[in-house]
Amino acid sequence: MSRDRVLLPRPEGRGDDLTDLLEIAGYDVVRAPFVRIEPAPAADLAPALDRLARGEYDLLVITSPATVRSLVAVGLQVPEGTEVVAVGGATARALHEAGLEVDLVAEGSGAALVEAVRRRREAVGSPDARPELDPDSDSDSDPTAPGPVSAPAPAPRVLLPASSAAAPTVREGLEGAGMHVEQVDAYHPEHAPLPAEVERDLPGGGFDAIVLTSSMIARRAAQIGVHPRTAVVVIGRPTEEAALSAGLQVDARAEHPDAPSLARAVHLALAPETTALPTTSPTSSIGPTSSTSPAAPKE
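Residues numbered from 1 in each chain as written. Predicted model: local features only at pLDDT ≥ 70, side-chain atom pairs only at ≥ 80, totals over all residues. Heavy atoms only, no water.

Asks: Before we go on, may I ask you to explain the sheet that holds strand β1 (residues 5–8) in this structure?
Replies: The strands that make up a sheet are held in pairs by hydrogen bonds between backbone atoms, and each pair lies either parallel or antiparallel. Spatially, β2-β1-β9-β10-β11 is the arrangement adopted by the five strands of the open sheet, whose pairing is parallel. With partners counted over all chains shown, the strands left at the sheet margins are β2 (28–31) and β11 (252–253), one partner each. In the sheet, β1 pairs with β2 via four bridges, with the strands oriented parallel. Bridging across to β2, Val 6 finds its partner in Val 29. The sheet strands contacting helix α10 (residues 259–270) are β1, β9 (209–212), β10 (231–234) and β11, and the helix crosses β10 at an angle near 160°. (Pairing = 2+ DSSP bridges. Helix = DSSP H or I, 4+ residues; strand = E, 2+ residues; numbered from the N terminus. Contact = heavy atoms within 4.5 Å. Axes fitted to C-alpha atoms, helices over the stretch in contact; angles between N-to-C directions.)

Here it is, written out as structure tokens:
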């Protein structure tokens, strides 16, 4: 059984599912958070949350479990009539655990979110058919004349609480789809102190793989230094782009932003001659994937 050493630098409280999957498969997982989450002060969030509670937004878009925790801690209230959109299954679960209903779950990328919201708004906002004239009406209006022109519907109002380090991708995409977006900082990611072992072993080749799950984590990994023999696995395209821009070589990208896909990507990067993990979680199926690229042979 493989005892390849995998570094998982996700924030505290994140990545338990991935850790379990990798350890069951025989990998030696080292947890060392590269960032820590600092919730935004309640006073900073209060104005937007008050407007939300009064029903001034049509949609509430939540992009991470960390956002859910920050909002719940300061008294999140979602009124009837405001749709809740979650990005990814983990965010949806966090909302359900907080007692909130979720109207739409989008895949875990900004582009997928924008497309899912756009399609839903088109579906619910299609124009009504023109009302029929009452044949018994004594109106002398010409039934063939054009009816009154309806005023265009106002742009949907969206509240987007997110990380203070979040890229503008989601906000710009929603605005490009004709929505009015208010983005507020729900939490602030900060660099976390690292064990001396990690600062020594990551640039020194002491890890066989590292899993990068955000652009900020990718940039910090590059600052510390990643040995060429260490396979770099990323959760999605934005993280991949950040890693490449920071000078890292990316060996595999997860097919989906979830634990099973990340576990498959790690396995493919470290064992490209195989197509599936040797052991899987009882609750997760980890089979072959076609969208991750095998790593180059390591020295």
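Asks: So what exactly am I meant to see when it comes to the nonpolar core here?
Replies: Grouped together as the largest cluster of nonpolar side chains are 23 residues, with contacts concentrated most on Leu 52, Leu 71, Leu 76, Leu 95 and Leu 159. Listed by contribution, the elements that provide at least two residues to this core are α2 (42–53), β4 (59–62), α3 (65–73), β5 (83–87), α4 (89–97) and β8 (180–191). The biggest single contributor to this core is α2, with four residues. Excluding anything up to four places from it in sequence, Leu 95 contacts Ile 62, Val 68, Val 84, Ala 86, Leu 100 and Val 102. (Core = buried A, V, L, I, M, F, W, Y, C linked by side-chain atoms within 4.5 Å. Buried < 20%, exposed > 50% of the residue type's maximum accessible area, 1.4 Å probe, protein only.)

Asks: Before we go on, may I ask you to explain α2 in this structure?
Replies: What sets the pattern is the α-helix's 3.6 residues per turn: residues three or four places apart point alike. Looking only at α2, the buried set comprises Leu 45, Ala 48, Leu 49 and Leu 52. Down the axis of α2, the sector holding all buried residues measures 100°, keeping them to one side. The elements touched by buried residues of α2 are β4, α3, β7 (157–163) and β8. (Arc of directions from axis to C-beta.)

The quantities given are spatial measurements derived from coordinates; they are silent on function.
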